[in-house]
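Chain by chain, the residues:
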There are 2 protein chains.
Amino acid sequence: MAWDTEGTRRRLKEAATVEFAEHGPDGTTMARIAERAGINKERLYKYFGDKQALFETVLTDELKKLAETLGPPPGDFENIGEFVGRNFDYHVAHPHLVRLLLWEGLAGGPVADEAQRSAFYQDKTRAYAAAQRAGILDDDLDPDHLAFMVIGLSAWWVSTPQLARMLTGADDDDATEHARRRASVVRAVQRLARPPGADRAR
Amino acid sequence: MAWDTEGTRRRLKEAATVEFAEHGPDGTTMARIAERAGINKERLYKYFGDKQALFETVLTDELKKLAETLGPPPGDFENIGEFVGRNFDYHVAHPHLVRLLLWEGLAGGPVADEAQRSAFYQDKTRAYAAAQRAGILDDDLDPDHLAFMVIGLSAWWVSTPQLARMLTGADDDDATEHARRRASVVRAVQRLARPPGADRAR
DNA sequence: GAGAATTCCAACCGCAACGTTGTAGATGGG
DNA sequence: CCCATCTACAACGTTGCGGTTGGAATTCTC
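Everything quoted here is computed from the prediction, not taken from an experiment.

Calculation notes
Residues numbered from 1 in each chain as written. Chains lettered and ligands numbered in written order. Predicted model: local features only at pLDDT ≥ 70, side-chain atom pairs only at ≥ 80, totals over all residues. Heavy atoms only, no water. Helix = DSSP H or I, 4+ residues; strand = E, 2+ residues; numbered from the N terminus. Contact = heavy atoms within 4.5 Å. Areas by Shrake-Rupley, 256 points an atom, 1.4 Å probe, with all protein chains shown as cover. Lys, Arg positive; Asp, Glu negative; His and termini not counted. Charge placed at Lys NZ, Arg CZ, Asp CG, Glu CD. Buried area = accessible area lost by both parts, 1.4 Å probe. Salt bridge = Lys/Arg side-chain N within 4 Å of Asp/Glu carboxyl O. Polar contact = N/O pair within 3.5 Å; in protein donor to acceptor, adjacent residues only side chain to side chain. Nonpolar A, V, L, I, M, F, W, Y, C, P; charged D, E, K, R; others polar. Axes fitted to C-alpha atoms, helices over the stretch in contact; angles between N-to-C directions. Parallel < 35°, antiparallel > 145°, perpendicular 65-115°, else oblique. Left-handed = near helix turned anticlockwise from the far one by under 90°. Phe/Tyr/Trp six-rings, centres within 6.5 Å; stacked < 30°, edge-to-face > 60°. Buried < 20%, exposed > 50% of the residue type's maximum accessible area, 1.4 Å probe, protein only. Domains from an automatic or database assignment. Least-squares fit on C-alpha atoms with pLDDT ≥ 70 in both. pLDDT = per-residue confidence, 0-100. Core = buried A, V, L, I, M, F, W, Y, C linked by side-chain atoms within 4.5 Å.

This part covers the overall build of chain A. Helix and strand counts for chain A come out as 10 helices and 0 strands. When the elements of chain A are put in sequence order from the N terminus, they spell out α-α-α-α-α-α-α-α-α-α. Overall, chain A is about 65 × 40 × 35 Å in size when its C-alpha atoms are taken along their principal axes. For chain A, the share of sequence-separated contacts (at least 6 apart) that also reach a separation of at least 24 residues comes to 65%. For chain A, the accessible area works out to roughly 9,500 Å², and carbon and sulfur atoms hold 51% of it. Charge separation in chain A, taken as the distance between the mean sites of 27 positive and 32 negative side-chain charges, equals 2 Å.

Pasting the structure below:
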């Protein structure tokens, strides 16, 4: 049988994503990743270097997936609510990414792929600023802060699930509660970003 | 010299707070806690049980400190913006608590002191609901979700410092940026919670 | 003031984790 | 067809962790 190096690489990375998202950098063991992938542990070191490098690879990969799934931010921000709603859906369906981000922030180590990501966020900020100048978004908040808070609003539910549970009294996989949360996020973003008077459709 | 059991207990707990907040449950070692406190490791087990119990003790303690420092939520929510601003200041000055909360949520294990905390949050939700009925807060969002998002807005900056840095381009200990962030949080909460037309003081 | 009880500590135990090494099989150019 | 090269793996070495134990020093109790 021919080698399937790309396949083993992919399987290792998928296993690493699950393990890292679940247990974090410190709680994850290289042996468990290899075991989950059904591949020998040593391959991890050959392909990805050490644990830290593997974590960074996994994180940048998941960020890319999000960007590809959601597509570029809508040219106009008229419908920012729905855009963030889709963002929220994504985070609830794949909590991997938010969890990886939180662990990255908590660890305080090097930031994976910092240059690319900074550039991405600066683009985003510029887009927000343009929409504010066009009057589509309110300019009450500075564009970078607005962008940051919008991310927060859609990611916060996944970030502190225990608070969410204690406050709402609902389980994480409750479908009707999910819909209620989504609606709240959409409405909150509209209140935050849209000029007063817009989105009056109650 | 007389025994100072309460003192050693306190020193151990303080050291544990720092270590747990910094490195998380998995990244923290009992030996390092003891070393930081200058006390023998075995005392930790005598006083606090095992690692998990120590973590829960530390977390509930920090939650109590926040509640005592900020005092009860203001009877009326007219000034919810400033209240949340003080909350934000606290989290920036003592990031311990938010970090512990994030780690608790990520670990997914048992929630420390769940009964008390649930009761606390339900009280909070009731207070929000009352303010909504009184017309002080807008009832656009359900009170539990509003409470949850308000917490998120003031804690999100500490939760993903690397995103904050990449978006704002500012260091975490930049004083003018702190003021700017605080103002954004206050304004955002007002937009989120207050009826349209209130807080028009630009 | 003697002995029970408690505080404190150094040393230890079992175990699991990271990362490496030595080797068996597969591949491909000359 | 041969040998350098690459993939893959089992087993290992070392380190460091959570938790325990035996005993010395100190305080309390009667």
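On to the interface of chain B and chain A, then. Chain B puts 57 residues into the contact, and the matching count from chain A is 57 residues. In this assembly, chain B packs against chain A so that about 5,400 Å² is buried in total across both faces, 63% of it on carbon and sulfur atoms. Our count for the chain B to chain A interface comes out at 12 salt bridges. For the salt bridge of B:Arg180 with A:Asp142, the shortest nitrogen-to-oxygen distance reads 2.8 Å. One can count 31 residue pairs in polar contact (both at pLDDT 80 or more) joining chain B with chain A. Residue assignment for the side of chain B that touches chain A shows that the elements contributing at least two residues are α1 (5-27), α6 (96-107), α7 (114-133), α8 (143-159), α9 (161-168) and α10 (175-193) of chain B. Ranked by the residues each element gives to the side of chain B that touches chain A, the list is headed by α8(B), at 12 residues. Classifying every residue of the side of chain B that touches chain A by side-chain character gives 25 nonpolar, 13 polar and 19 charged.

Moving on, we get to the packing of helix α1 (residues 5-27) of chain A against helix α2 (residues 30-37) of chain A. All names here are of chain A. Look at α1 against α2: their axes get within 8 Å of each other, and the N-to-C directions meet at 130°. Taken together, the axes of α1 and α2 are oblique relative to one another. The handedness of the crossing between α1 and α2 comes out as right-handed. Within the contact between the two elements, α1 uses Arg11, Leu12, Ala15, Ala16, Val18, Glu19, Phe20 and His23 and α2 uses Arg32, Ile33, Ala34, Arg36 and Ala37. When the residues that make up the contact of α1 with α2 are grouped by side-chain class, the tally is 8 nonpolar, 1 polar and 4 charged.

Once that is clear, we can look at the packing of aromatic side chains. All names here are of chain A. Going through the model one piece at a time under the given rule, you end up with 13 aromatic pairs over all chains. Their ring planes at 45° and their centres at 4.8 Å tell us that Phe77 and Tyr128 sit as a pair that is tilted. Placement of the pair is Phe77 in the loop between α4 (51-70) and α5 (80-93) and Tyr128 in helix α7 (residues 114-133), with a sequence separation of 51 residues. Classification of Phe77 by relative accessible area gives buried; the value is 4%.

Next up on the list: the domain arrangement of chain A. A common way to state how big an interface is: give the accessible area lost once the parts meet. Residues and elements named next belong to chain A. Here chain A is partitioned into domain 1 (1-49) and domain 2 (62-193). Each of domain 1 and domain 2 has a C-alpha centre, and these two points are 29 Å apart. With 7 residues of domain 1 at the contact, the number on the domain 2 side is 5 residues. At the boundary of domain 1 with domain 2, total buried surface from both sides reaches about 510 Å², with 71% on carbon and sulfur atoms. Of all residues in domain 1, the largest losses of buried area upon contact with domain 2 belong to Thr17, Ala21 and Pro25, amounting jointly to 67% of the total for that side.

What follows concerns the relation of the copies chain B and chain A. Once chain B is rotated about the relating axis by 180° and shifted along it by 0.0 Å, it coincides with chain A to within an RMSD of 0.1 Å. Such a combination of rotation and displacement between the chain copies is what one expects of a two-fold axis. The fraction of interface residues of chain B whose copies in chain A are also interface residues reaches 100%, indicating that both copies meet through the same surface.

Glancing now at the confidence of the model for chain A. Put simply, chain A has an average pLDDT of 91, and 97% of its residues get 70 or more. Confidence scores differ between elements of chain A, with helix α3 (residues 41-48) of chain A showing the lowest mean pLDDT of 88 and helix α8 (residues 143-159) of chain A the highest of 98.

Below, the discussion takes up the pattern of salt bridges. A complete count under the given rule lists 38 salt bridges over all chains for this structure. As a salt-bridge pair, A:Glu82 and A:Arg182 come within 3.2 Å of each other at their nearest N and O atoms. With a gap of 100 residues between them, A:Glu82 in helix α5 and A:Arg182 in helix α10 (residues 175-193) connect regions that are remote in the sequence. Judged by its relative accessible area of 36%, A:Glu82 is partly exposed. A relative accessible area of 18% means that A:Arg182 is categorised as buried. One salt-bridge network, in which partners are shared between bridges, spans A:Asp142, A:Asp144, B:Glu177, B:Arg180 and B:Arg181.

Further remarks concern unusual backbone geometry. With glycine set apart, most residues show a phi of negative sign, and most peptide bonds adopt trans. Residues and elements named next belong to chain A. A positive phi angle, near 55°, is found at Asp113, a position not held by glycine. Inspection of the secondary structure assignment puts Asp113 in the loop between α6 (96-107) and α7. Asp113 sits in the partly exposed class, given a relative accessible area of 36%.

Okay, the nonpolar core next. Ranked by internal contacts, the top residues of the largest apolar core, which has 118 residues, are A:Leu54, B:Leu54 and B:Leu137. Filtering out sequence-adjacent residues up to four positions away, B:Leu54 remains in contact with B:Ala16, B:Phe20, B:Met30, B:Ile33, B:Leu44 and B:Phe48.

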